[in-house]
Amino acid sequence: MNGPELLVPAGNLEKLRTAVLYGADAVYTGVEGLSLRARQAEMTIAELAEGVRLAHRRKVKVYAALNIFARNRDLALIRQRVGQLAEIGVDAVLVSDVGVLQTVRQVAPRLPVHLSTQANTTNAEAVRFWHGLGVSRIVLARELSLAEIGQIATAVPEIELELFVHGAMCLAYSGRCLLSAYLTGRSANRGECTHPCRWEYSLTERTRPEEPLVLTGDDRYSYLLSAKDLRMIEYLPEILKAGVTSLKIEGRMKSVYYLAVVTRTYRWALDAAALDPAGYRCDPAWLAELEKVSHRGYTTGFYLQSEGEKFAGVNLKESYRKTHGLVGTVLEYRPTEGRVLVELRNQLVAGDETELLLPDATLLLDSQAMTNEAGEPLAEGHNRYRVYFPVDREVPTGAVLRRRLARV
Ligand code: SF4
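Keep in mind that this is a model prediction, so the values were computed, not measured.

Calculation rules
- Residues numbered from 1 in each chain as written.
- Predicted model: local features only at pLDDT ≥ 70, side-chain atom pairs only at ≥ 80, totals over all residues.
- Heavy atoms only, no water.
- Domains from an automatic or database assignment.
- Contact = heavy atoms within 4.5 Å.
- Buried area = accessible area lost by both parts, 1.4 Å probe.
- Salt bridge = Lys/Arg side-chain N within 4 Å of Asp/Glu carboxyl O.
- Polar contact = N/O pair within 3.5 Å; in protein donor to acceptor, adjacent residues only side chain to side chain.
- Helix = DSSP H or I, 4+ residues; strand = E, 2+ residues; numbered from the N terminus.
- Near = heavy atom within 4 Å.
- Nonpolar A, V, L, I, M, F, W, Y, C, P; charged D, E, K, R; others polar.
- Pairing = 2+ DSSP bridges.
- Axes fitted to C-alpha atoms, helices over the stretch in contact; angles between N-to-C directions.

Caption draft 1: Quick look at the domain arrangement of the protein. Here the protein is partitioned into domain 1 (5–172 + 229–299) and domain 2 (324–404). Between the C-alpha centres of domain 1 and domain 2 there is a distance of 32 Å. Facing the 11 residues of domain 1 at the interface are 18 residues of domain 2. With both chains or domains summed, domain 1 and domain 2 bury close to 1,200 Å², and 55% of this area falls on carbon and sulfur atoms. Between the two partners, domain 1 and domain 2, sit 2 salt bridges. Inspection of the domain 1/domain 2 interface yields 9 residue pairs in polar contact (both at pLDDT 80 or more). Elements represented by at least two residues in the side of domain 1 that touches domain 2 include exactly helix 1 (13–21) and helix 9 (256–275). Of the residues forming the side of domain 1 that touches domain 2, the biggest block, 6 residues, is contributed by helix 9.

In structure tokens:
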């Protein structure tokens, strides 16, 4: 690894494999039973054990998120999980609650502990405090500027600092928010936010619910609380200069398509920035790639401005931009046949603009050349269909195919 690590979310084993394939140095995931219901963003201990083996074979680290604000009733399970996590060899656990930290120190004193952004660490003394309690890395509060982060790195060089560089922003201070718990019963403080701040809202008069009043935004709704997504790819040299150890991509719930695109794009950019920070130029092709994943417009968050200045990160006018989507993943490359076997995950019609994402390149696929096992042409395929495309270079298993969503 050259320079700081690229840390990528991996909500399940498939996402972990995708993150590793496309260039992550480290991945993080949720742990079974420590949210209120089984979801896409956590793994069982058995899955995690397999994920750790798989990741370590590629020299990729695995961090397990235990960053709930625990209640008394959670403590026994946390104690059990910490023991299991230490046993399967995760590289660190991520905590926000001091009670969970205390439990980790008691059960597995040698297990490195990272402190979540939800602990809201905003200054050098707070960093020293946590370091004194055995924390080796801190994800600083998202509200800090790069200048403040640089000052903290200089003042407390013995601590590792981790920074979000890409993904959804949260309007609540360091993610402490009750909106999701209030509206859906799923609490952001237990890693379960359903993002109601991004939902579509309108104002209605009591007797005329069918006639919503438009406040602003598009012609139907307003997005009063919807933060734009963070994107710091243009400022990687500034981030490296601030003395950060780990660059984190947000989004354990994101799809494998999102992970493939964002991970490889930041991999390319980070390698370029680490090699020659002074000569770093953000390639327009990287920005174009990041436009091809679902997002709400991009912002640099608080990094380039102080918190007191107006935060321009709210997108009133739209919910999501989505131009491309996942169409399938590669099951196998057959060199003697010169074709790849793909499992479709969505409908694909012959003629759709389709691309195969490799870790180092993008190949345009001829969707008219899609066939079945016998080599017979297919006019269309659907979810779970196994189809073939001619490809004349080696393709790794798990590589992702995308298509442009507006049919051509
Ligand atoms: S609802 Fe929105 S503001 Fe609240 S925690 Fe979730 S993402 Fe943050």
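Past the structure itself, the notes keep going.
Caption draft 2: Spatial organisation of the site of the ligand. Around the ligand, the structure places C170, L171, A172, C177, A188, C193, H195, P196 and C197. Residues of the shell around the ligand, tallied by class, amount to 8 nonpolar, 1 polar and no charged.

Caption draft 3: Geometry of the sheet that holds strand 21 (residues 400–404). Judged by pairing direction, the sheet is antiparallel, and its 6 strands sit side by side in the order 18-17-21-14-15-20 without closing on themselves. Both edges of this open sheet fall to strand 18 (362–365) and strand 20 (386–390), since each of them pairs with a single strand only. Averaged over all pairs of adjacent strands, the angle between their axes in this sheet comes to 35°, without regard to strand direction. Bridging between strand 15 (residues 339–344) and strand 20 involves 5 bridges; their strand directions are antiparallel. What sits directly across from E343, in strand 20, is R386.

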